[in-house]
Amino acid sequence: METLMAFAVGGLYAAAIYMMLRRSIVKLVIGLILLSNAANLLIFTAAGMDRGLPPLVPEGALVPDGPVADPLAQALILTAIVIGFGVLAFAVVLIHRAYEVVGADDMDQMKDTDT
Amino acid sequence: MTTVVALPVIVPLLAGAVSLALWQSRMAQRVIGVIGTLALMWVSVDLLLATWREGILVMHMGGWQAPFGIVLVSDMLGAIMVVLTAIIGLPVAIYSLSGVSARHEHFGYYPLMHLLLAGVNGAFLTGDIFNLYVWFEVMLVASFALLILGGERAQMEGAIKYVTLNLLSSVLLLSGIGLLYGLTGTLNMADLAVKLRDVEDPGIITVIAMLFMVSFGIKAAAFPFFFWLPASYHTPLVAVSALFAGLLTKVGVYALFRAFSLIFDQDVGYTHTLLLWMAGLTMLTGVLGAAAQFEMRRILSFHIISQIGYMILGLALFTPLAIVGGVFYIMHHIIVKANLFLVSGVVHRLKGTHELKQLGGLYRTHPWLGVLFMVPALSLAGMPPLSGFFAKFILIRAGVEVQSWWIVGVALLVGLLTLYSMIKIWAEVFWKAQPENTDVKAVAAPVQGGGLWLMVVPIAGLALLTLFIGLYGQPIYLLAERAAMEMLDPSLYIEAVLGGQGS
């Protein structure tokens, strides 16, 4: 399972970088979306994938008996998803405004501020 | 009482929330802007003094002991950076009273400014690496919105590059954090430092360290990751530019200092040699980029990059004196650079442009502005007796001591070229006669209520501070020395976070 996930993560990163290198700003944002998802999956995979081991403490006990899945990774991903969602919402509005102002969705038309 | 550690984050957050609640009242937002940053200054200095007296202060959030809970840690480096944030925040808030138009205030300038300060301070104080990522994002979101305040074409174009590269950097940081967590099962920086010592395979640590180096390198605008900076920093309001120039890239530098002194000190020979090359090339490319520019804020933007090189140089040499120099350089640079951007704003107010070719004759009409420009400009170039001289002197001496002659040569050369750029601005903007055949728009700048003096007072204050550091640098040097001592001996930090009884 880990191997499969590793390939999925790698594929997502590759696709994201490819999209970000395109000239269209819409594809740029699609690339950013893929990129943040790739990072989330990476955390999920790196933290270890345990199946059917809910991190629950039995009633009356202080520690869970036996090994449990690590819930912290899920918390990290959840935080990262929320942050990524907010930032990407901003990015979508930004490219919309940029399209309105510049009148093109081509990165090559947006070089006025470089040098 | 360790709540003092959280106050530099809480105060600007609170000020931001209150000014957001008073959205309708411009006057109230302006008053809170000044009061909030003044209060921030108060709590920051208080934190610095407490840290100086009692050593590293640790606050366990929610009462959860480290390494399980999130900690806020104020060591000397963090406390110094927090005070510097306040030192920039207050003048920019005063400057904004006159320098930010009513239209921009209606877009929510003040709440965003407070949010940015809160994010920056959070990044400086947190002792948890995932929390660092969160504060980075808080800071970035505020900076995105500030960058496009006004919605002009150049701002949109600059913002797309800024947003893309900063998001890329955040994702790399997140990936690095994920791998680090998979490797050690902890996020607390002190605990990470301990656990990484026991990892058998040093190769994987170096790989993760590279992820962090690239991510923080993008944020710090180091070579070869700096392209977003000159594309965007000259587009927003001048007050925003000054805030960014003073603080944002320095958060990246701070993160580099923190990560590569505390967490990744296993393979210093490899990582810090790489940093050394990065530093040298950052200095050179930045200063050469500036030489080709003829727009005031673009020149200053490129100089941010070259100066970042000096700070990284301090970290890369990794001797006690070099770290002292790096910290001293950060202190000097934040003050000077923000000040130069503020001066460029006054020039724009007076002449309606930043283009050197259309400017001129300002020394004849406003000699005091020329003097106020000269102090930070010469300080940036490293002329004695200003703060930049001692900052460069310490670094170069550290370079001589470890006998890496080429980096010393680069540092000296870049100092000289910086002087060239500053003299170029001086000659074009202040000294030469006003060119006649250009169609300078008669003061098109957004002038409103408050007078010019509101813009000049913060500049004068920062210039005096530069002079003060130059003429009376001993206490500043002591602060930097203490910070360097703590950085080179991570066991102090680890002891304070993991061994303490908590609040």
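What counts and how
Residues numbered from 1 in each chain as written. Chains lettered and ligands numbered in written order. Predicted model: local features only at pLDDT ≥ 70, side-chain atom pairs only at ≥ 80, totals over all residues. UniProt positions renumbered as here; feature names shortened; annotations may be inferred. Helix = DSSP H or I, 4+ residues; strand = E, 2+ residues; numbered from the N terminus. Rg over C-alpha atoms; globule rule 2.2 N^0.38 Å. Contact = placed C-beta atoms within 7 Å. Buried ≥ 20, exposed ≤ 12 C-beta atoms within 10 Å, placed from the backbone. Axes fitted to C-alpha atoms, helices over the stretch in contact; angles between N-to-C directions. Parallel < 35°, antiparallel > 145°, perpendicular 65-115°, else oblique. Left-handed = near helix turned anticlockwise from the far one by under 90°. Nonpolar A, V, L, I, M, F, W, Y, C, P; charged D, E, K, R; others polar. Pairing = 2+ DSSP bridges. Expected span 1.5 Å × (residues − 1). pLDDT = per-residue confidence, 0-100. Core = buried A, V, L, I, M, F, W, Y, C linked by C-beta atoms within 7 Å.

Chain B has the name Na+/H+ antiporter subunit D in an unreviewed UniProt entry, where Thioalkalivibrio denitrificans is given as its organism. Here chain B is described in UniProt, under the heading Sequence similarities (unreviewed entry), as follows: "Belongs to the CPA3 antiporters (TC 2.A.63) subunit D family."

An unreviewed UniProt entry lists chain A under the name Cation:proton antiporter, with Thioalkalivibrio denitrificans as the source organism. Check the Subcellular location (unreviewed entry) section of the UniProt entry for chain A; it says "Cell membrane". The Sequence similarities (unreviewed entry) field of the UniProt record for chain A holds the comment "Belongs to the CPA3 antiporters (TC 2.A.63) subunit C family."

K.L.:
It is not clear to me how the overall build of chain A should be interpreted in this structure. Could you clarify?
P.N.:
For chain A, the count of helices and strands is three helices and zero strands. Scaling as 2.2 N^0.38, a compact globule of 115 residues should have a C-alpha radius of gyration of about 13 Å, whereas chain A reaches 20 Å, well beyond that. If one aligns the C-alpha atoms of chain A with their principal axes, the spans along those axes are about 65 × 30 × 25 Å. Taking all contacts inside chain A whose residues are at least 6 apart in sequence as the whole, residues at least 24 apart take part in 57%.

K.L.:
Which parts of the structure should I look at to understand the overall build of chain B?
P.N.:
For chain B, the helix and strand inventory stands at 21 helices and two strands. In terms of overall dimensions, chain B is globule-like: its C-alpha atoms have a radius of gyration of 22 Å, near the 23 Å expected for 503 residues. Based on the C-alpha atoms only, the size of chain B along its principal axes is roughly 70 × 55 × 40 Å. Going through the 503 residues of chain B one by one, you find that 62% of them count as buried. Considering only contacts within chain B whose residues lie at least 6 apart along the sequence, 80% involve residues at least 24 apart.

K.L.:
Quick question: what am I supposed to make of the packing of helix α5 (residues 109-125) of chain B against helix α11 (residues 238-263) of chain B here?
P.N.:
Each pair of packed helices can be described by the angle between their axes along with the distance between the axes. All names here are of chain B. Axis separation between α5 and α11 bottoms out at 10 Å; the angle between their running directions is 25°. Classified by the interaxial angle, the pair formed by α5 and α11 is roughly parallel. Crossing hand, α5 versus α11: left-handed. Residue-level inspection shows M113, L116, V120, A123 and F124 of α5 in contact with α11, the latter providing L243, L247, V251 and Y254. Its residues placed into classes, the contact of α5 with α11 shows nine nonpolar, no polar and no charged.

K.L.:
Help me out: how do you make sense of the interface of chain B and chain A in this one?
P.N.:
If you look at the interface, chain B gives 27 residues, while chain A gives 31 residues. Every element with two or more residues in the side of chain B that touches chain A is listed here: α6 (129-147), α7 (153-184) and α10 (228-232) of chain B. Here the element with the most residues in the side of chain B that touches chain A is α7(B); it accounts for 17 residues. Residue composition of the side of chain B that touches chain A, grouped by class: 16 nonpolar, eight polar and three charged.

K.L.:
Is there a simple way to explain the UniProt feature "domain: NADH:quinone oxidoreductase/Mrp antiporter transmembrane" (unreviewed entry) in chain B in this structure?
P.N.:
UniProt records the feature "domain: NADH:quinone oxidoreductase/Mrp antiporter transmembrane" (unreviewed entry) for residues 128-416 of chain B in the present numbering. Helix makes up 81% of residues 128-416 of chain B and strand 0%, with an end-to-end C-alpha separation of 40 Å.

K.L.:
Help me understand the pairing of strand β1 (residues 57-60) of chain B in this model?
P.N.:
Within a regular strand, the side chains alternate between the two sheet faces. Residue and element names in this part refer to chain B. Of the two faces of β1, the one lined by L57 and M59 and the one lined by V58 and H60 are each fully buried. As paired elements, β1 and strand β2 (residues 71-74) share four bridges and run antiparallel to each other. Following the sheet pairing, M59 is matched in β2 by L72.

K.L.:
Explain helix α17 (residues 387-401) of chain B to me, please; I cannot follow it from the model alone.
P.N.:
Residue and element names in this part refer to chain B. The terminal C-alpha atoms of α17, which comprises 15 residues, lie 22 Å apart, in line with the 21 Å expected from a rise of 1.5 Å per residue. For α17, the tally of buried residues reaches 11 of 15 residues, placing the bulk of the element in the interior. Of all the residues in α17, the buried ones are S387, G388, F389, F390, A391, K392, I394, L395, I396, A398 and G399. Where α17 is buried, its residues meet α13 (296-317), α14 (320-351), α16 (367-381), α18 (405-431) and α19 (453-471). Remark: Q403 follows α17 within two positions and exhibits a positive phi of approximately 60°.

K.L.:
Looking at this structure, I do not really get the confidence of the model for chain A. What am I missing?
P.N.:
Do not read the fine detail of predicted coordinates wherever pLDDT is low. On average, residues of chain A score 88 in pLDDT, and 99% of them reach the 70 mark or higher. Confidence scores differ between elements of chain A, with helix α3 (residues 71-102) of chain A showing the lowest mean pLDDT of 91 and helix α1 (residues 2-20) of chain A the highest of 93.

K.L.:
Before we go on, may I ask you to explain unusual backbone geometry in this structure?
P.N.:
A negative phi angle characterises most non-glycine residues, just as the trans form characterises most peptide bonds. Residues and elements named next belong to chain B. Between F223 and P224 the backbone carries a cis peptide bond, its omega angle lying at -5°. Residue placement: P224 occurs in the loop between α9 (202-220) and α10. Cis rather than trans, the peptide bond between P384 and P385 has omega equal to 5°. Relative to the elements of secondary structure, P385 occurs in the loop between α16 and α17. Although it is not a glycine, A221 sits at a positive phi angle of roughly 60°. Summarising the element assignment, A221 is placed in the loop between α9 and α10. For A221, a count of 27 C-beta atoms within 10 Å corresponds to the buried category. Positioned with a positive phi, F318 is a non-glycine residue whose angle comes to about 60°. Structurally, F318 is set in the loop between α13 and α14.

K.L.:
When you look at the nonpolar core in this model, what are you seeing that I'm missing?
P.N.:
Considering soluble globular proteins, one finds that nonpolar side chains tend to be buried as a cluster. One finds B:I80, B:I312 and B:V327 to be the most contacted residues of the largest nonpolar core, which totals 231 residues. The residues touching B:I312, leaving out its near neighbours within four places in the chain, are B:A222, B:V253, B:L256, B:L275, B:M278, B:A279 and B:T282.

K.L.:
I'm lost on the UniProt feature "transmembrane region" (unreviewed entry) in chain A in this one. Help?
P.N.:
Residues and elements named next belong to chain A. In this structure's numbering, the residues bearing the UniProt feature "transmembrane region" (unreviewed entry) are residues 6-21, 28-49 and 72-95. Annotation note: span residues 6-21, helix share 94%, strand share 0%, distance between end C-alpha atoms 23 Å. For the annotated span residues 28-49, helix accounts for 86% and strand for 0% of the residues, and the straight-line distance between the end C-alpha atoms is 31 Å.

K.L.:
Can you help me understand helix α3 (residues 76-99) of chain B in this one?
P.N.:
Residue pairs three or four apart in sequence face the same way in an α-helix, which turns once every 3.6 residues. The terminal C-alpha atoms of α3(B) lie 34 Å apart, and with 24 residues this matches the ideal 34 Å at 1.5 Å per residue to within 8%. In terms of residue burial, α3(B) counts as a mostly covered element, since 24 of its 24 residues are buried.

K.L.:
Please explain the packing of α17(B) against α18(B) as it appears in this structure.
P.N.:
Residue and element names in this part refer to chain B. As a packed pair, α17 and α18 sit with axes 9 Å apart at the nearest point and diverge in direction by 155°. Judged on the interaxial angle alone, α18 and α17 are roughly antiparallel. Viewed along their axes, α17 and α18 form a crossing whose handedness is left-handed. Residues K392, L395, I396, G399 and V400 of α17 touch α18, and the partners they reach there are I407, V408, A411, L412 and G415.

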